[in-house]
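# What the coordinates show
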Amino acid sequence: MLMKKNLLFEQCLANVAQEVREEVRLNMDIANRIHDLLKAKKMTQRQLAALMGKRESEISRWLTGAHGYTTSTLAKIAAVLGEPIVQVKREPEMNYVFVPINNFISPTEKFDMFYTSKANGSSSISYKN
Amino acid sequence: MGKFELFLETDKVCMYSPKYDGETQNEFEKFLYANNSHSHPQLKRFFDAIISVIEKMSETGAYERYFRPEGGNIKAVPLYINTTKIDKKVGKMRLYCLRLSERMLILGGGAVTTALKNEDDPVLLAIIGDLREIEQHIKRIVKQANTDIDDFVALKHIIETITL
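Residues numbered from 1 in each chain as written. Chains lettered and ligands numbered in written order. Predicted model: local features only at pLDDT ≥ 70, side-chain atom pairs only at ≥ 80, totals over all residues. Heavy atoms only, no water.

### Things to note about the packing of aromatic side chains
All names here are of chain B. Formally: Two aromatic rings, drawn from Phe, Tyr or Trp (for Trp, its six-membered ring), form a pair once their centres lie within 6.5 Å of each other, and the interplanar angle then sorts them: stacked below 30 degrees, edge-to-face above 60, tilted otherwise. Where helices and strands are cited, they refer to DSSP runs of H or I of at least four residues and of E of at least two residues respectively, numbered from the N terminus. Only protein chains enter the area calculation, which uses a 1.4 Å probe; residues under 20% of their type maximum are buried, those over 50% are exposed, and those in between are partly exposed.
Considering all chains together, one arrives at 8 aromatic pairs over all chains under this definition. Between the aromatic rings of F28 and F31, the centroid separation amounts to 6.3 Å while the plane-to-plane angle is 15°, which identifies the pairing as stacked. Pair noted here: F28 and F31 are both in helix α1 (residues 27-35), with a separation of 3 residues, about one helical turn. The exposure classification of F28 matches that of F31, with both residues buried. On the numbers, 6.2 Å between centres and 85° between planes, the contact of Y66 with Y80 is edge-to-face. Taken as a pair, Y66 in the loop between α2 (41-60) and β3 (74-76) and Y80 in the loop between β3 and β4 (92-101) lie far apart in primary sequence, 14 residues in all. One exposure class covers both Y66 and Y80, and it is buried.

Okay, structure coming up:
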């Protein structure tokens, strides 16, 4: 909760490029996530480094933002820690029901109507009266 | 002579900056004024990253783990952007701070440097020197007050009443 702010800082913040802001926030969120997972699993950075075949200094550079993560690195960390590091929002899968076309009855057949398509692109439905 | 000026306060962290007598801006504001209109994209990117990191810290607290372990409490504000392909001739931007605790951060000055090591830049060296003096001063006052740097309420009182 913001209790005091500086006007000049707020102006600078408003002019920050959105892509830089997103990069910073994402990298810090990832660093926090890895830190929380290490804590939950009672593991040290050194142990993580050993499991990944990296130097501890490299892990430290990732976690302090001095070195960017590749998707390959994130996948490896996730595999070693056994938990996802980042999650991509996916749309729910659509389930389609396929109906054989020979069983399909069009509304015009069902209700005794006639569908006429004209050469100029327009069409009309006529009813039997 | 001077005082600390509170410029940002949230329920997670208080950020102050030293303001010296006779000056209209505190050290962090001077940094903002000097660097908020760089036309070079690399420097604009550095500046934007520093601002974004401070914004994020205001939401989470100034965790020790955010900073590179460089020894002592004087830290460069981390960038959290990819800086592997920077033009070294254009330089990099650094902002220094004194991290007293997760909830208390003193922001000092900063500058653009082309020096290979930050310690080789006289401007940055002076900024670090100033913060180091401030740190020693705070430690003395905290000791005299028979309190602890992790006692947030006591430290806040000291920071807001101390004369630099």
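More follows now that the structure is in view.
### Points about the interface of chain A and chain B
It is common to give the size of an interface as the accessible area that goes away when the parts come together. To keep things clear, this is the line we draw: Contacts were defined at the residue level, with two residues in contact if any of their heavy atoms lie within 4.5 Å. For this document, the term salt bridge refers to a Lys or Arg side-chain nitrogen within 4 Å of an Asp or Glu carboxyl oxygen. In protein, a polar contact requires one atom able to donate a hydrogen and another able to accept it; more generally it is a pair of N or O atoms within 3.5 Å, and residues adjacent in sequence count only if both atoms are side-chain atoms. Under the convention adopted here, Pro, Cys and the residues Ala, Val, Leu, Ile, Met, Phe, Trp and Tyr are nonpolar, Asp, Glu, Lys and Arg are charged, and Gly plus all remaining residues are polar. By the convention used here, strands pair only if DSSP detects at least 2 bridges between them.
On the chain B side, the residues contacting the 30 residues of chain A number 36 residues. In this structure, the salt-bridge partner of E59(B) is R25(A), at a minimum N-O distance of 2.6 Å. Applying the counting criterion to the chain A and chain B interface returns 15 residue pairs in polar contact (both at pLDDT 80 or more). Taken together, the elements giving at least two residues each to the side of chain A that touches chain B come down to β1 (2-4), α1 (7-14), α2 (18-40) and α4 (56-63) of chain A. A per-element tally of the side of chain A that touches chain B places α2(A) first, with 12 residues. Classifying every residue of the side of chain A that touches chain B by side-chain character gives 15 nonpolar, 8 polar and 7 charged. Where β1(A) and strand β1 (residues 2-10) of chain B come together, 2 bridges link them in antiparallel fashion.

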